[in-house]
Every structure is written in C-alpha cells, then in structure tokens.
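Chain by chain, the residues run as shown.
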Amino acid sequence: MTLRSGYSGLQIGLHWAAAVLIAANYVISDGMGEALDARLSGQPVLGLTPVWHVWAGTALLAVVAVRLIVRLMSGNRETTGPKTLAERAADVGHWVLYGLMLAVPALGAITWFGMTDSTGDLHVLVMNAMMLVILGHAAMAIFHHFVLKDGLLRRMIPLN
Ligand code: HEM
Ligand code: HEM
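Residues numbered from 1 in each chain as written. Chains lettered and ligands numbered in written order. Predicted model: local features only at pLDDT ≥ 70, side-chain atom pairs only at ≥ 80, totals over all residues. Heavy atoms only, no water.

Undergrad: I would appreciate a short explanation of the pattern of salt bridges in the present structure.
TA: Oppositely charged side chains are able to pair whenever their charged atoms sit close together. Counted according to the given criterion, the structure contains one salt bridge. Between Lys83 and Asp91 there is a salt bridge, with its nearest N and O atoms 2.6 Å apart. Judged by its relative accessible area of 27%, Lys83 falls in the partly exposed class. Take Asp91: its relative accessible area is 9%, and that puts it in the buried class. (Salt bridge = Lys/Arg side-chain N within 4 Å of Asp/Glu carboxyl O. Buried < 20%, exposed > 50% of the residue type's maximum accessible area, 1.4 Å probe, protein only.)

And the structure:
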C-alpha cells in the first residue's frame, strides 16, 4: 500500500525549515551557559554563537507558529474514511512534537530576554526530550518507508 500525501508544498517547506533550524541550533550552542552568565553580570557577550543561537531559535518560533496555523487550517493527510489507530497514534506523536518545538525556543527566549538563569536548565532538559522524540519520529518514518514499504517518506519528500 502506498500512502498519499495531504501536505501542501508550504507545509513540506516549513517541516524542513524547522528541522534545519533545530539541528543547526543544537550544533551551534556550545558556550551558551557562559554567554548567559556574561549577560546576567553585565559583561560583554562575545562571539557569534549567542547571536546565531538566539536569532535562529527565535526564527524557529516564528516558523513553528506559521506551521501550526497552516496545519490547523489545512489538516494533514488525505483520508477517505475514519482514521486508523496507527494514524491517530501518529497524530498524537506529531502534536507532542509541535508542543516541544514551541516549548524549547520559548524557554530559551524567556531565559535570554527575561534575563534569568532559573529557566535555563529547563530549556536544556526539554530540548533533550525533544531530541529523543525527534529521533523516534525519524526512525518511525524510515521504518515505514523502507521496512513496511508504504512510501511514507514521499509525504515529506515529494520526488515523484
Ligand atoms: C527536527 C526534526 C523534525 C521535526 C521537528 C519533525 C516534525 C514533524 C511533525 C510535527 C510532523 C507532523 C506534520 C503534521 O501532521 O502537521 C512531521 C511529519 C513527518 N515527518 Fe518530520 N520532523 C523532523 C524530522 C524528520 C525527518 C528526519 C524525517 C525523515 C527521516 C521526517 C519525516 C516525516 C514524515 C514522512 C512526516 C509525515 C508523517 C505522516 O503524515 O504520517 N521528519 N514531522
Ligand atoms: C530548537 C531551538 C533550540 C535548541 C535546539 C537549543 C539548544 C540548546 C543547547 C544544546 C544548549 C546547551 C548549550 C551548552 O551549555 O553547552 C542551550 C542553551 C541555551 N540556549 Fe538554547 N536552544 C534552542 C533555542 C534557543 C532560543 C530561541 C534561545 C533564546 C532566545 C536560547 C537560549 C539559550 C540559553 C540562554 C542557553 C543557556 C542556558 C543555561 O546554561 O542556563 N535557545 N540551547
């Protein structure tokens, strides 16, 4: 069985834009603790990492907000009948991902712009949870496509 896509080009573009921003912000994060300490104690914040981390992360918030609006307006899959149990489980997982994608940059922004170190640890903790869920999500997508051979990846990679 080959699954059909219900995602628009805009939804697919936003999916990969968010994925790239999350991966890049994970990689470019070393020294954010020190940058925050400098900011809180009135010292100059040095280096390009904080500039990138803060603004790419804030851009992610905007991307996820637009994504959520588009998702709520246009839905996801083309379904002819009621959703199967597996489709409902996937939907739950996807809403968890949306929640984490909002919570991680929001907690980062509260920490940085709110000038507090009380939410920094939570930002990193929730970020680790998000990375685990993302790994599970990617593994499920690959399992569907290559083991169940249902063409799932074509929903987000519309090559033909
Ligand atoms: C930072 C990384 C990622 C995040 C945050 C993410 C998030 C999401 C979310 C929230 C959805 C649900 C879309 C909706 O129904 O509105 C989705 C769908 C999907 N994602 Fe990802 N994703 C990521 C990476 C990946 C990767 C690496 C792959 C491929 C290996 C992938 C493949 C897919 C596929 C195939 C769907 C459609 C699933 C379906 O309709 O059942 N994603 N993703
Ligand atoms: C998907 C988006 C994000 C990811 C994956 C992410 C990832 C990380 C990681 C891995 C660290 C630990 C760095 C280290 O100490 O070595 C960190 C720390 C930090 N991030 Fe983010 N971040 C994101 C968004 C943001 C945003 C939007 C902001 C601010 C506007 C932000 C502000 C901070 C701050 C202030 C710290 C230091 C926290 C502390 O040590 O108490 N982050 N982030």
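Back to the text.
Undergrad: How should the site of ligand 2 be read in this particular structure?
TA: In the vicinity of ligand 2 there are 25 residues, among which Ser29, His53, Leu60, Gly108 and His123 approach most closely. Between His53 and ligand 2, the recorded distance is 2.8 Å, taken from a side-chain N or O atom to a nitrogen atom. Contacts to ligand 2 include His123, whose side-chain N or O atom sits 2.9 Å from a nitrogen atom. For ligand 2, the cavity whose grid points lie within 2 Å of the majority of its atoms is the second largest pocket. Mapped by element, the contributors of at least two residues to the shell around ligand 2 are helix H1 (9–27), helix H2 (32–40), helix H3 (49–74), helix H4 (85–113) and helix H5 (120–148). Per-element accounting of the shell around ligand 2 gives the leading share, seven residues, to H4. In terms of residue class, the shell around ligand 2 is made up of 13 nonpolar, eleven polar and one charged. (Near = heavy atom within 4 Å. Polar contact = N/O pair within 3.5 Å; in protein donor to acceptor, adjacent residues only side chain to side chain. 1 Å grid on protein atoms, 1.4 Å probe; cavity = no way out; pocket = protein on both sides within 12 Å on 5 of 7 lines; lining within 4 Å. Sits in = over half its atoms within 2 Å of the grid points. Helix = DSSP H or I, 4+ residues; strand = E, 2+ residues; numbered from the N terminus. Nonpolar A, V, L, I, M, F, W, Y, C, P; charged D, E, K, R; others polar.)

Undergrad: I keep staring at the coordination of the iron atom of ligand 1 and nothing clicks. Help me out?
TA: For a metal with four donors in a tetrahedral arrangement, the ideal angle between donors is 109.5 degrees, while six donors in an octahedron ideally sit at 90 or 180 degrees. The coordination sphere of the iron atom of ligand 1, as far as protein atoms go, consists of His15 (NE2) and His137 (NE2), spread over 2.0 Å. Each of the six donor atoms around the iron atom of ligand 1 contributes to a set of angles spanning 87 to 179°, which defines the coordination as octahedral. In this pair, His15 sits in helix H1 while His137 sits in helix H5, placing the two residues 122 residues apart along the sequence. Of the residues examined, His137 reaches a relative accessible area of 29% and is grouped as partly exposed. (Donors = N, O, S within 2.8 Å, 3.2 Å for Na, K, Ca; no water. Tetrahedral: all angles 85-135°; square planar, octahedral: opposite > 155°, others 65-115°.)

Undergrad: Help me out: how do you make sense of a negative patch on the surface in this one?
TA: A surface patch of like charges, here negative, comprises Asp30, Glu34, Asp37, Asp117 and Asp121. Tracing the backbone shows Asp30 in the loop between H1 and H2. (Patch = residues over 30% accessible without salt bridge, like charges linked within 9 Å, V, L, I, M, F, W, Y side chains within 5 Å. Areas by Shrake-Rupley, 256 points an atom, 1.4 Å probe, with all protein chains shown as cover. Lys, Arg positive; Asp, Glu negative; His and termini not counted. Charge placed at Lys NZ, Arg CZ, Asp CG, Glu CD.)

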